[in-house]
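# Chains, contacts and geometry: an overview
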Amino acid sequence: MKPLIITVAPNGAEVTKKDNPNLPITPEDIAEEAYNCYKEGTSIIHLHARDENGNPTQDPETYNEMIKLIKQRCNIIIQISTGGAIGMSTEERRSPLELKPEMASLTTGTVNFGDGVFYNPPTLIKSLAQEMKNLGIKPEMEIFDVGMIANAKKLIKEELINPPFQFGLIMGVPGGIPGTIKDLLHLVESLPEKSMWSATGIGKTHIPISVTAIALGGNVRLGFEDNIYYEKGVLAESNAQLVIRIVRIAKEMGRKIATPDEVRELLRLKI
Ligand code: KMH
Ligand code: ZN
């Protein structure tokens, strides 16, 4: 089996310090968290920016500050979010692409998201894919429900995405595909050829989805964006604490852990 690629999504856009006081918010705290996760075996960091009040922002300057501080510490692969937060304008969401990170997220469909709607109409998906292609940014196609894989295949057919195709299967969002093993198998079986994938399960689905992904030869995403608990009723102390557990389980299951440079080669990232 290929080495396990660990992605950490350390803060997301929706979680607050009230939910978990250990949530990293400032560029400095996020950079330190990225470094701690890197030291434990993380190769990709999925970034969302927050403003000085802790609210989500897509301000390129804030992303730039975070990225600069992370790069001073380690060579982890930077993946910025183009999802941002519910309700953001499309212009706002796309703006940090100008920083030309190695990777960016690209959700390939609209989905209910708790009480809100994560809005991704075909024109937006296509224009984000085109922009990433022009800038040499590798998209991670984020899949919240199975129909989004069909939309991704359309982008591939239109040659807007180059192989290998990187998918992030995000399961258990209220409104999206449930985080069950059966649903994970269905998603994986639906992926096109030349695909690589990671899976994450929101909340209590975190461990079953991670362990199954490791067993299937896929990869994992974890972090406070998806899950703020270490176990039922116990908040995680840090993102790195979640990484340490997954690395321990993966090693027990016979998977080596990929380094950022190994991932650059596997995903054929432009450096
Ligand atoms: N915050 C969610 C509405 C992404 O990063 O691309 C969307 C999200 C996806 O987090
Ligand atoms: Zn995100």
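To keep things clear, this report deals only with the structure shown in the data block. These numbers come from a predicted model, not from an experiment.

Rules used in this analysis
- For every chain, the first residue of the written sequence is number 1, and numbering continues from 1 onward in sequence order.
- Chain letters and ligand numbers both follow the written order, the letters beginning at A and the numbers at 1.
- Where totals are concerned, whole chains, interfaces and linings use all residues; where local detail is concerned, this predicted model gives features only for residues with pLDDT of at least 70, and gives and counts side-chain atom pairs only at 80 or more.
- Only hydrogens and water are removed before side-chain values are computed, so all heavy atoms of the structure are retained for them.
- The rule for a salt bridge is simple: a side-chain nitrogen of Lys or Arg has to be within 4 Å of a carboxyl oxygen of Asp or Glu.
- The secondary structure listing takes helices from DSSP runs of H or I that are at least 4 residues long and strands from runs of E that are at least 2 residues long, numbered from the N terminus.
- A 1.4 Å probe rolled over the protein chains alone gives each residue an accessible area, and that area as a share of the maximum for its type sets the label: buried under 20%, exposed over 50%, partly exposed in between.
- We define a nonpolar core as any set of buried Ala, Val, Leu, Ile, Met, Phe, Trp, Tyr and Cys residues linked to one another through side-chain atoms lying within 4.5 Å.
- Pairs of residues are marked as contacts when any of their non-hydrogen atoms sit within 4.5 Å.
- Only N, O and S atoms count as donors, using a 2.8 Å limit from the metal and a wider 3.2 Å limit for Na, K and Ca, and since water is excluded some coordination spheres may look unfilled.
- Aromatic pairing here means that ring centres of Phe, Tyr or Trp (its six-membered ring) are within 6.5 Å. Orientation follows from the plane angle: under 30 degrees is stacked, over 60 is edge-to-face, and everything else is tilted.
- Note on geometry: a ring has a charge over it if NZ (lysine) or CZ (arginine) is within 6 Å of the ring centre and within 35 degrees of the ring normal.
- Without a salt bridge and with relative accessible area above 30%, a residue can belong to a patch; like charges are then joined within 9 Å and nonpolar side chains (Val, Leu, Ile, Met, Phe, Trp, Tyr) within 5 Å.
- Note on areas: these come from Shrake-Rupley sampling with a 1.4 Å probe, and a residue is covered only by the protein chains present in the view.
- Only protein atoms enter the 1 Å grid used here. Points where a 1.4 Å probe fits but cannot escape make up a cavity, open sets with protein on both sides within 12 Å along at least five of seven lines make up a pocket, and a residue lines them when an atom lies within 4 Å of a point.
- Grid points are joined across faces, edges and corners, and a volume is the space filled by probe spheres set on the points.
- Gly is put with the polar residues, along with every residue not named as nonpolar or charged; the nonpolar set is Ala, Val, Leu, Ile, Met, Phe, Trp, Tyr, Cys and Pro, and the charged set is Asp, Glu, Lys and Arg.
- Consider the strands pointing away from the viewer: the crossover is right-handed when the path from the first strand over the helix to the second runs clockwise.
- Pairing between strands is defined by DSSP: at least two bridges between the two strands are required.
- In this description, a line fitted to the C-alpha atoms serves as the axis of each element, helices being fitted only across the stretch in contact, and the angle between N-to-C directions of two axes falls anywhere from 0 to 180 degrees.

## Section: the pattern of salt bridges
The full count for this structure, using the stated rule, is 11 salt bridges. The partner of Glu91 in a salt bridge is Arg94, with the nearest N and O atoms 3.4 Å apart. Placement of both Glu91 and Arg94 in helix H3 (residues 90-94) is noted, with a separation of three residues, approximately one turn of the helix. For Arg94, a relative accessible area of 14% corresponds to the buried category.

## Section: the nonpolar core
One finds Ile6, Leu47, Ile70, Leu106, Ile161, Phe167 and Leu169 to be the most contacted residues of the largest nonpolar core, which totals 70 residues. With six residues, helix H8 (residues 239-252) is the largest single contributor of residues to this core. Other than its neighbours up to four places away in sequence, Phe167 contacts Glu140, Met141, Ile143, Ala152, Ile156, Leu191, Pro192, Ser195, Met196, Trp197 and Ser198. In terms of nonpolar packing, the next biggest core, distinct from the first, is built from nine residues, Ile5, Met103, Met196 and Leu267 among them.

## A few points about the coordination of the zinc ion (ligand 2)
Distances from the zinc ion (ligand 2) to its protein donors, namely His46 (NE2), His48 (NE2) and Glu225 (OE), fall within the range 2.1 to 2.2 Å. Counting along the primary sequence, the residues that act as donors to the zinc ion (ligand 2) give the motif H-x1-H-x176-E. With His46 in strand E2 (residues 44-47) and Glu225 in the loop between strand E12 (219-222) and strand E13 (229-231), this residue pair connects regions lying 179 residues apart in the sequence.

## Notes on the packing of aromatic side chains
According to the stated counting rule, one finds four aromatic pairs in the structure shown. Joined through ring pairs, the aromatic side chains of Phe113, Phe118 and Phe144 make up one cluster. The ring of Tyr230 has Arg245 lying over it, and the distance from NZ or CZ to the ring centre is 3.9 Å.

## Regarding a nonpolar patch on the surface
A cluster of nonpolar residues, Ile181, Leu185 and Leu216, forms a patch on the protein surface that exposes about 220 Å² of accessible area. Classification of Leu216 as partly exposed rests on a relative accessible area of 40%.

## With respect to the layout of surface pockets
Computed from the structure, the largest pocket encloses a volume of approximately 470 Å³. Along the walls of the largest pocket sit 29 residues, with Glu14, Phe113, Val173, Ile202 and Glu225 positioned nearest its centre. Of the residues assigned to the lining of the largest pocket, the class counts are 13 nonpolar, 10 polar and six charged. What the second largest pocket holds in volume is close to 220 Å³. Around the second largest pocket sit 15 residues that line it, and Gly136, Ile137, Lys138, Asn162 and Lys270 are the ones nearest its centre. Mapped by element, the contributors of at least two residues to the lining of the second largest pocket are helix H4 (122-135) and strand E9 (138-143). In terms of residue class, the lining of the second largest pocket is made up of eight nonpolar, two polar and five charged.

## Regarding the pairing of strand E11 (residues 195-201)
Most of E11 sits inside the fold, with six of its seven residues counted as buried. Viewed along the sheet, the connection from strand E10 (residues 165-171) through helix H6 (residues 181-190) into E11 turns out right-handed. Note that E11 and E12 share two bridges and pair parallel. Directly across from Ser198, in E12, lies its bridge partner Asn219. This β-α-β element, E11 to helix H7 (residues 206-216) to E12, shows right-handed connectivity.

## Here we look at the sheet that holds strand E1 (residues 6-8)
The sheet built from eight strands closes into a barrel, its strands ordered E1-E2-E5-E6-E9-E10-E11-E12 with parallel pairing. Within this sheet the neighbouring strands show an average axis-to-axis angle of 30°, counted without direction.

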